[in-house]
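Summary of structural features
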Amino acid sequence: MDFGQTAEILARIQFAFTISFHFIFPAFSIGTASYLAVLNGLWLWKRDPAYLKLFEYWKTIFAVTFGMGVVSGIVMSYQFGTNWSAFSERAGAVIGPLMGYEVLTAFFLEAGFLGIALFGRKRVGDTLHMVAVVTVAIGTLISATWILSVNSWMHTPQGFSIDASGNFVPEDWWAIVFSPSFPYRLVHTVLAAFLTTAFAVGAVGAWHLLKDRDNRQARIMFSMAMWMAAIVTPMQILAGDMHGINTLEHQPAKIAAMEGHYESHPDGAPLILFGIPNEEEERIDYAIEIPKASSLILKHDLNAPLDGLDAFAVEDRPPVTIPFFAFRIMVGIGFAMLGIGMWSLWTRWRKTLFTNHWLHRAALVMGPSGFVAVLAGWFTTEVGRQPFTVYGLMRTSESLSPVAAPAVGASLVAFVIVYFIVFGAGVFYLFRLFRRPPVMEVDHELDLGPTRAAGITPGPAQETTIREGVNHGD
């Protein structure tokens, strides 16, 4: 079952499939964990029950997405041994400790405090419960930090030597952790996670406002989401611009593929808004472009030269089609988010934020936009790194395990079937949670007190019995 493809192509498809399923859950849980911390803090500050109800509403959704993220992440780690053992052998001394630190710091931190954050409010008190909620939020950010450190090193490797066997040997851990692309990738990804959550929260709030514009909890979540859209989206666009400039410095071939520049432009490169890459003829068909705008964006100079793919050896060039389209999808969604944010500011000023149904419908449509954008950005950067796993040093073809194509194809089919069943059910359940209006009771049976042992009368009941006996003269 090789589908007419090589083992390398099938292994890449398998990893792309599993990481795409995985990535959407941490992207959402990172933002949701911080959102829960904000809601809990507002409840403790204002003692407004609406914030507590929203915390209870979103903590269930967070728990489901967190669990699916953990399960899908475990599957990916096994592929380093099954499909990419050569990469693990050569680069394991660098990436292994970093991924181990992610487990020892972030995952243990999250696992240790998650139960308290979800169920322990009346067990431990407000202060310690708030500490637990904030700790879980910090844990998700630490997790993202370590994983993105690994990924950034693969894009901009430094701080190592190569031994006689061709293995990467760590020499400077500070340089490895803080590789040149790491700060930009971290900021860009975390802001993307916050926006993903903001637009999901905004869509849920919009859904319930369309049904009941007087639902106070829906108003609060929609307002908070629109503030995030208005404030964070411009920050994300700026962070993306800085990340692009950094990529131009360290991975110019990737930029050429993203921009669709097959040819170098010595006196200013155009910004191609849309077109269809023609890989065989090495040109963009039906291109709609703005002269010299690409040089202006990337080098802040209309006449600055930009290298095209013709400046690189054929065997070192990334494919163009996927980075070209994925990059435009990501950027297009970013500006659509900016439009929603600016629209929300206008309606807020006009005092129609909660009554403008056209804005609510637009926010509802934009609900999944963050997930699409993070996947498009991930495809852009990872396909743009090809044909290397460790940029410029280790090719993808050299990273593969000695495994036959039919074996990889069979496991790919199994992953597709299992993932669509398991995670399809999980996503279906999440949508059922979204549809519930955020007005549920906040008291749960678990919070009412410790479960008594058999045959022992609980304190309050015992006290009532004694009082009744006194009143009757017994």
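Residues numbered from 1 in each chain as written. Predicted model: local features only at pLDDT ≥ 70, side-chain atom pairs only at ≥ 80, totals over all residues. Heavy atoms only, no water.

As recorded in an unreviewed UniProt entry, the chain goes by Cytochrome D ubiquinol oxidase subunit I and comes from Devosia riboflavina. Heading Sequence similarities (unreviewed entry) of the UniProt record for the chain holds this comment: "Belongs to the cytochrome ubiquinol oxidase subunit 1 family." (UniProt positions renumbered as here; feature names shortened; annotations may be inferred.)

Before going further, it helps to examine the overall build of the chain. Scanning the chain from terminus to terminus reveals 15 helices and 6 strands. When the backbone C-alpha atoms are referred to their principal axes, the chain occupies close to 100 × 60 × 45 Å. By residue count, 48% of the 474 residues in the chain fall in the buried class. Looking at the chain as shown, the accessible area adds up to about 22,600 Å², and 67% of this sits on carbon and sulfur atoms. Each charge sign in the chain was given a centre, from 31 positive and 38 negative side chains, and these centres are 14 Å apart. (Helix = DSSP H or I, 4+ residues; strand = E, 2+ residues; numbered from the N terminus. Buried < 20%, exposed > 50% of the residue type's maximum accessible area, 1.4 Å probe, protein only. Areas by Shrake-Rupley, 256 points an atom, 1.4 Å probe, with all protein chains shown as cover. Lys, Arg positive; Asp, Glu negative; His and termini not counted. Charge placed at Lys NZ, Arg CZ, Asp CG, Glu CD.)

With that settled, the discussion passes to the side chain of Thr-196. Positionally, Thr-196 belongs in helix α7 (residues 182-211). Since its relative accessible area comes to 0%, Thr-196 is described here as buried. Reaching out from Thr-196, the side chain makes a polar contact with the backbone oxygen of Ala-192 at a distance of 2.8 Å. Not counting chain neighbours up to four residues away, the residues in contact with Thr-196 comprise Ala-27, Gly-370, Phe-371 and Val-374. (Polar contact = N/O pair within 3.5 Å; in protein donor to acceptor, adjacent residues only side chain to side chain. Contact = heavy atoms within 4.5 Å.)

Taken as a whole and assessed by the stated rule, the structure comprises 11 salt bridges. Residues Glu-56 and Lys-59 are paired through a salt bridge, measuring 3.0 Å at the closest nitrogen-oxygen approach. Of this pair, Glu-56 and Lys-59 both sit in helix α2 (residues 49-82), 3 residues apart, which is roughly one turn of that helix. A single burial state applies to Glu-56 and to Lys-59, both of which are buried. Among the salt bridges present, the one from Asp-285 reaches Arg-283, with a minimum N-O distance of 2.6 Å. Using a relative accessible area of 41% as the deciding quantity, one classes Arg-283 as partly exposed. (Salt bridge = Lys/Arg side-chain N within 4 Å of Asp/Glu carboxyl O.)

With 35 residues, helix α8 (residues 216-250) extends 49 Å between its outermost C-alpha atoms, agreeing within 8% with the 51 Å of an ideal straight helix rising 1.5 Å per residue. Its maximal kink placed at Val-232, α8 deviates by approximately 35°, while the proline Pro-234 follows within four residues. The residue sitting at the N-terminus of α8 and contributing the capping side-chain oxygen is Asn-215; that oxygen lies 3.1 Å from the backbone nitrogen of Gln-217. (Expected span 1.5 Å × (residues − 1). Bend = angle between axes of the 7 residues up to and from the residue.)

Looking at the largest pocket, its volume works out to about 1,500 Å³. As for the largest pocket, its lining consists of 49 residues, of which Phe-15, Ile-19, His-22, Met-76 and Ile-147 are closest to the centre. Those elements that provide at least two residues to the lining of the largest pocket are α1 (7-46), α2, α3 (85-119), α5 (126-155), α7 and α13 (369-385). Residue composition of the lining of the largest pocket, by class: 31 nonpolar, 13 polar and 5 charged. (1 Å grid on protein atoms, 1.4 Å probe; cavity = no way out; pocket = protein on both sides within 12 Å on 5 of 7 lines; lining within 4 Å. Points joined across faces, edges and corners; volume = space filled by probe spheres on them. Nonpolar A, V, L, I, M, F, W, Y, C, P; charged D, E, K, R; others polar.)

Relative to each other, α5 and α13 sit at 40°, their axes nearing to 10 Å. Regarding α5 and α13, the two cross each other, and that crossing is left-handed. Across the interface between the two elements, Leu-148, Asn-151, Met-154 and His-155 of α5 pack against Trp-378, Thr-381, Glu-382 and Arg-385 of α13. (Axes fitted to C-alpha atoms, helices over the stretch in contact; angles between N-to-C directions. Left-handed = near helix turned anticlockwise from the far one by under 90°.)

With 61 residues, the main nonpolar core has Leu-39, Trp-58, Ile-61, Phe-62, Met-221 and Phe-222 as its most contacted residues. Leaving out residues up to four positions away in the same chain, Leu-39 has contacts with Tyr-51, Leu-54, Phe-55, Trp-58 and Met-224. Core analysis: the next-biggest nonpolar cluster, separate from the first, contains 22 residues, Ala-7, Phe-87, Leu-400 and Leu-412 among them. (Core = buried A, V, L, I, M, F, W, Y, C linked by side-chain atoms within 4.5 Å.)

Bridge count between strand β3 (residues 271-278) and strand β4 (residues 283-290): 6 bridges; the pairing is antiparallel. Considered in β4, the bridge of Ile-272 is made with Glu-289. With antiparallel pairing between neighbouring strands as the criterion, β3 and β4 make up a hairpin whose turn holds 4 residues, including Glu-282 at a positive phi of roughly 55°. (Pairing = 2+ DSSP bridges.)

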